[in-house]
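Results of the structural survey
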Amino acid sequence: RRVHGDDLMDAVVWLEEVGKNDLSVVGGKGASLGEMINIGVPVPGGFAVTAQAFRDFINRAGIAKKLFEALKVDVNQESELHRAEETAKKLIMEAKVPDDIEKAIKSRYEELCKREGKQVFGAVRSSATAEDLPDASFAGQQETFLSMRGAEDVFNAVRKCWASLYGARAIFYRVEQGFEHDKVNLSAIVQKMVDSEKSGVMFSSQPSTGEPLVVIEGAWGLGESVVSGSVSPDNFVVDRKTMNIVSKYIAAKEIMIIRDPKTQKTVTIKVP
């Protein structure tokens, strides 16, 4: 584990350097990945652009005041909500990212490629975190960008993750939950992407009841189809104590998301 204190001002940290005590730095997603790496789970390597780097960007770019002013709207008025989203995202996408932060992101991606021995396709994901409320969940409200290759693409995807903190749904959710916009930051997780033939999600306990049942959902291609809900996945329930399959459901799974071998972009196709 790395030394805390001054190091927290780093714009980027390797995932293996963080864990459950770093929720305010890398959010829940980043902290959980660090925990898994450190107990030996084979997690694809990567790094996090810290929540502090995001905050540093909006402060030093001089957009913080305008940004949070733009969010003071009646979220139940759809037109106001969408105007807030548009203004906030434009500010994030057009402001100048300080050179040191841009350089830190790009050079860490290059280092990741060196570690892996080739140019890495990256998955760039959002990991939001609320100051003073580390346990708050923002799952599924911010964006994910897949098959990002090259330092410039990865840097742009990080910026788009930052902007996604101000999507209409995310703004609405924070107001509903009573979170102040200026207390919520975003860490962007950049990970080597696995070009999977089949993938899915596993819950180590039954998500709604907490029973000791493992729930596994799977589909063809990349896991994005399961996470986004574009495919109804296969479902298996396994008793954690006996390891018996308690129930299984095989779904139709008519479409799949893959990386197109020609364009190297992520596409949705019919399952052959």
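Since the structure is predicted, the reported quantities are computational estimates derived from the model, not experimental observations.

**What to know about the sheet that holds strand E9 (residues 245–249)**
Pairing is antiparallel across the open sheet formed by four strands, whose spatial order is E6-E7-E8-E9. If you trace the sheet from one side to the other, it starts and ends with strand E6 (198–203) and E9, each paired once. Strand-to-strand twist across the sheet, computed as the mean angle between neighbouring axes with direction ignored, equals 15°. Here six bridges tie strand E7 (residues 213–220) to strand E8 (residues 234–239), and the two strands are oriented antiparallel to one another. Across the sheet, residue Glu217 finds its bridge partner in E8, namely Asn235.

**Structural notes on the sheet that holds strand E5 (residues 184–192)**
Taking strand neighbours across the sheet as the criterion, the five strands line up as E1-E2-E5-E3-E4 in an open arrangement whose pairing is antiparallel. Because the sheet does not close on itself, it has two edges, and the strands there are strand E1 (12–14) and strand E4 (144–149). Taken pair by pair, the neighbouring strands of this sheet meet at an average axis angle of 25°, ignoring direction. Where strand E2 (residues 46–49) lies against E5, four bridges are found, and the strand directions are antiparallel. The partner of Ala48 across the bridge, within E5, is Ile189. Set on the sheet, helix H1 (residues 23–38) makes contact with E1, E2, strand E3 (121–130) and E5; between it and E3 the angle comes to about 125°. Packed on one face of the sheet, helix H5 (residues 99–116) meets E1, E2, E4 and E5 and runs near 20° to E1.

**With respect to a negative patch on the surface**
Side chains of Glu131, Asp132, Glu180 and Asp182 sit close together on the surface and give a patch of like negative charge. Structurally, the position occupied by Asp182 is in the loop between helix H7 (168–177) and E5. Given the relative accessible area of 32%, Asp182 is considered partly exposed.

**Let's talk about the nonpolar core**
Counting residues in each nonpolar core, the largest one holds 52 residues, and the members touching the most others are Val49, Phe57, Ile58, Ile92, Val124, Trp162 and Tyr166. Among the elements that take part in this core, helix H6 (residues 151–164) stands out by supplying eight residues, more than any other. Contact partners of Trp162, with chain neighbours within four places excluded, come to Val49, Phe54, Phe57, Ile92, Val97, Ile101, Ile105 and Leu186. Grouped together as the second largest cluster of nonpolar side chains are 11 residues, Val13, Val26, Ala31 and Leu33 included.

**As for the environment of Ile216**
Relative to the assigned elements, Ile216 resides in strand E7. Along the primary structure Ile216 and Gly200 are separated by 16 residues, whereas in three dimensions their C-alpha atoms are 7.2 Å apart. What Ile216 contacts, discounting residues up to four positions off in sequence, is Val201, Met202, Asp234, Asn235, Phe236 and Val238.

Reading guide: rules and limits
Position numbers for residues start from 1 in each chain and track the written sequence from start to end. Reporting in this predicted model follows two pLDDT cut-offs: at least 70 for local features of residues, and 80 or more for side-chain atom pairs to be given and counted; totals over whole chains, interfaces and linings ignore these cut-offs and use all residues. With hydrogens and water set aside, each side-chain value is computed from the structure's full complement of heavy atoms. Strand pairing is defined by DSSP finding a minimum of two bridges between the two strands. Helix and strand assignments follow DSSP, with helices taken as H or I runs no shorter than four residues and strands as E runs no shorter than two, numbered in order from the N terminus. Only C-alpha atoms enter the line fits that serve as axes; for helices the fit covers just the stretch in contact. Angles between N-to-C directions range over 0 to 180 degrees. Here, residues are in contact when the closest pair of their heavy atoms is within 4.5 Å. Residues qualify for a patch when their relative accessible area is over 30% and they have no salt bridge, like charges being joined within 9 Å and the nonpolar side chains of Val, Leu, Ile, Met, Phe, Trp and Tyr within 5 Å. Here the accessible surface of atoms and residues is derived via Shrake-Rupley with a 1.4 Å probe, and residues count as covered only by protein chains that are part of the display. Put simply, a salt bridge is a Lys or Arg side-chain nitrogen that is within 4 Å of an Asp or Glu carboxyl oxygen. In summary, the charge assignment counts Lys and Arg as positive and Asp and Glu as negative, without counting His or the chain termini. Note that the charge is assigned to NZ on lysines, CZ on arginines, CG on aspartates and CD on glutamates. For every residue, the accessible area obtained with a 1.4 Å probe (protein chains only) is divided by the maximum for its type, and the residue is called buried under 20%, exposed over 50%, and partly exposed between those limits. We define a nonpolar core as any set of buried Ala, Val, Leu, Ile, Met, Phe, Trp, Tyr and Cys residues linked to one another through side-chain atoms lying within 4.5 Å.

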